[in-house]
Amino acid sequence: MSSFIDNKTAVAALFQEALFTAYPALKNEDLPFIIEVEKPKNPDHGHFAVNSALQLARKLGAKPRDIAVAIVAALPASALLAGPPEIAGPGFINIRLSATAESRVVNTVFAAADDFGKGNDGNAQKVMVEFVSANPTGPLHVGHGRGAATGDTIARLLEAQDWQVSREFYYNDAGAQINNLALSVQARVREKANIDATFPEGGYRGDYIIEIAERYVQQNPQDAKGENLDAMQKFAVAALRHEQDLDLKAFDVQFDVYYLESSLYTDGLVEKTVAHLVKMGHTYEMDGALWLKTTDYGDDKDRVMRKSDGSYTYFVPDVAYHVTKWERGFTRAITELGADHHGSLARMHAGLQAMDMGVPKGYPDYVLHQMITVMRSGAEMKISKRAGSYVTLRDLIDEVGRDATRYFFVMRKSDSQLTFDIDLANSRSEENPVYYVQYAHARICSVLNQWGGEAATLKAVDLSPLASKYESDLLRALADFPETLRTAARELAPHLVCVYLGDLAAKLHSYYNAEKFLVEDEGLKLARLSLIAATRQVLKNGLAVVGVSAPEKM
């Protein structure tokens, strides 16, 4: 775990001390005022800015500029600062770091190596991240792929913040869609046996159903006429679960737990949940159905739990499933879903609240992803040869590779629409965002190989020769990495890592194009090599968080 105290935190502590020195009474309050340090929008204004003087003006009954002067005057001597901070406008304090403070991040990167950027916000607490959770009725489509990349990256981000993460896949292996799967396979089996068969309305027509039917007959010759529907259902679900597992393995996504919806029924958990809701007085009967008073918990109308025919509506097992999460000790849970599930969230939350089990109101947290449009040669791809009605995740992996697929899926905010351009993902140009970042890493490897020295010697180099704007920009970017990971984990926003990586790569490419690294001046050469070696490490660390490789050659 990195012990790096970033400059922003160090500056905040320095100014907090100065504030309490200038105004001792503030320190003794029940809720002492906390100094906040920000990065100015214009980097020419310095590394950091403090606007606390403006916030304190009314409280202290003084002009903001006078407060700012008092805070700056009370600053203790510190090697962090390049000189006295500048007081601008009505009381803004602009801060510039010393060269030593700015460059110390390089040594920290070397010391932490693969752990640089990690934090301890999670404090070893348990959290479950549930994602993908696809029905075992067909190959994974690109929407499942976006969910897989998003959920897995969120899990990696939380692990980097010292959360104990459990990845869970919820298999919807019960209900009407599974019955349709069995009937679809049965129809193909009977077709093969030259028996008239009516294909079910809403059945699955992809070629994969024909493949499953053929394999079923091969392994069950005694049922060549497709009379054992239950056996065909079990066979089809197992076959598709295995295929989905292979797709996820190819995508470098692994799960700790696979939870079967069917177990909620076989273990009696759905009935137990319904009985508890009835006992707590949150239900009523009307028109032969059992209703839950979800309007008591913010829903726009009450919802049917058990229909008049005795079957349960789909949100009931969802409530039962999330009760198991809570009972398994996951006081924090995150569920990644397609945006089409948005309408069901209110009733699920209402159901959990109605259980009166102490579950927090917002439990679980939801991260929703929008649909994906796949383009090739300027035209939208809508179907897969094998799946028939949609583009599969495996199609994309085969077309552009795992790295590009994962990166493209998480590089935009998950609740925004995503256009996946296959031609762009395959291009070897700076327009391709994943290529652009990976090429920055490979470029550094090439320079270090040309140098041919011992990389370990770069860990103890005098960095004082680093004085150009390009070098300052890189140093600032490296120092921002831990905060980027912390923010992305806190906001469940994997795209922030890609934004950061794109920016870091751009700064490296600009530096590469503007300066020479293998110069005659030995001190300058080693300082620059040390800087880009640290940049290489951070690029590698960032790519690892999104599950993408850091190639040494491209």
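Residues numbered from 1 in each chain as written. Predicted model: local features only at pLDDT ≥ 70, side-chain atom pairs only at ≥ 80, totals over all residues. Heavy atoms only, no water.

### Let's talk about the overall build of the chain
(1) Moving on: If you tally the helices and strands in the chain, you get 20 helices and 15 strands.
(2) Moving on: Seen along its three principal axes, the alpha-carbon backbone of the chain occupies a region of about 90 × 60 × 40 Å.
(3) Moving on: Across the 554 residues of the chain, 52% fall into the buried class.
(4) Moving on: One way to put it: in the chain the 59 positive side-chain charges average out to a point 2 Å from where the 72 negative ones average out. (Helix = DSSP H or I, 4+ residues; strand = E, 2+ residues; numbered from the N terminus. Buried < 20%, exposed > 50% of the residue type's maximum accessible area, 1.4 Å probe, protein only. Lys, Arg positive; Asp, Glu negative; His and termini not counted. Charge placed at Lys NZ, Arg CZ, Asp CG, Glu CD.)

### Focus on the nonpolar core
(1) Moving on: In this structure, Val 132, Leu 158, Tyr 407, Phe 409, Phe 420 and Ile 532 are the most contacted members of the largest nonpolar core, which totals 90 residues.
(2) Moving on: Other than its neighbours up to four places away in sequence, Phe 420 contacts Ile 372, Thr 373, Val 374, Met 375, Leu 396, Val 400, Ala 404, Thr 405, Phe 408, Phe 409 and Ala 425.
(3) Moving on: The next biggest cluster of nonpolar side chains, apart from the first, holds 30 residues, and it includes Ala 18, Phe 33, Val 72 and Leu 75. (Core = buried A, V, L, I, M, F, W, Y, C linked by side-chain atoms within 4.5 Å. Contact = heavy atoms within 4.5 Å.)

### Some words on the pattern of salt bridges
(1) Moving on: In this structure the tally under the stated criterion is 26 salt bridges.
(2) Moving on: Of the charged contacts, one joins Lys 118 and Asp 115 as a salt bridge, the two residues approaching to 3.0 Å between their closest N and O atoms.
(3) Moving on: Overall, Asp 115 belongs to the partly exposed group, its relative accessible area being 27%.
(4) Moving on: Linked by salt bridges that have partners in common, Asp 152, Arg 156, Glu 159, Arg 167, Asp 252 and Arg 406 make up one network. (Salt bridge = Lys/Arg side-chain N within 4 Å of Asp/Glu carboxyl O.)

### Examining the sheet that holds strand 3 (residues 86–88)
(1) Moving on: Strand order in the open sheet formed by 4 strands is 1-2-4-3, with antiparallel pairing between adjacent strands. Of all the strands in the sheet, just strand 1 (37–38) and strand 3 have a single pairing partner and so form its edges.
(2) Moving on: Here strand 2 (residues 48–50) runs beside strand 4 (residues 92–95); their pairing, made up of 3 bridges, is antiparallel. Residue pairing in the sheet places Phe 48 in a bridge with Ile 95 of strand 4.
(3) Moving on: The sheet strands contacting helix 4 (residues 64–73) are strand 3 and strand 4, and the helix crosses strand 3 at an angle near 170 degrees. (Pairing = 2+ DSSP bridges. Axes fitted to C-alpha atoms, helices over the stretch in contact; angles between N-to-C directions.)

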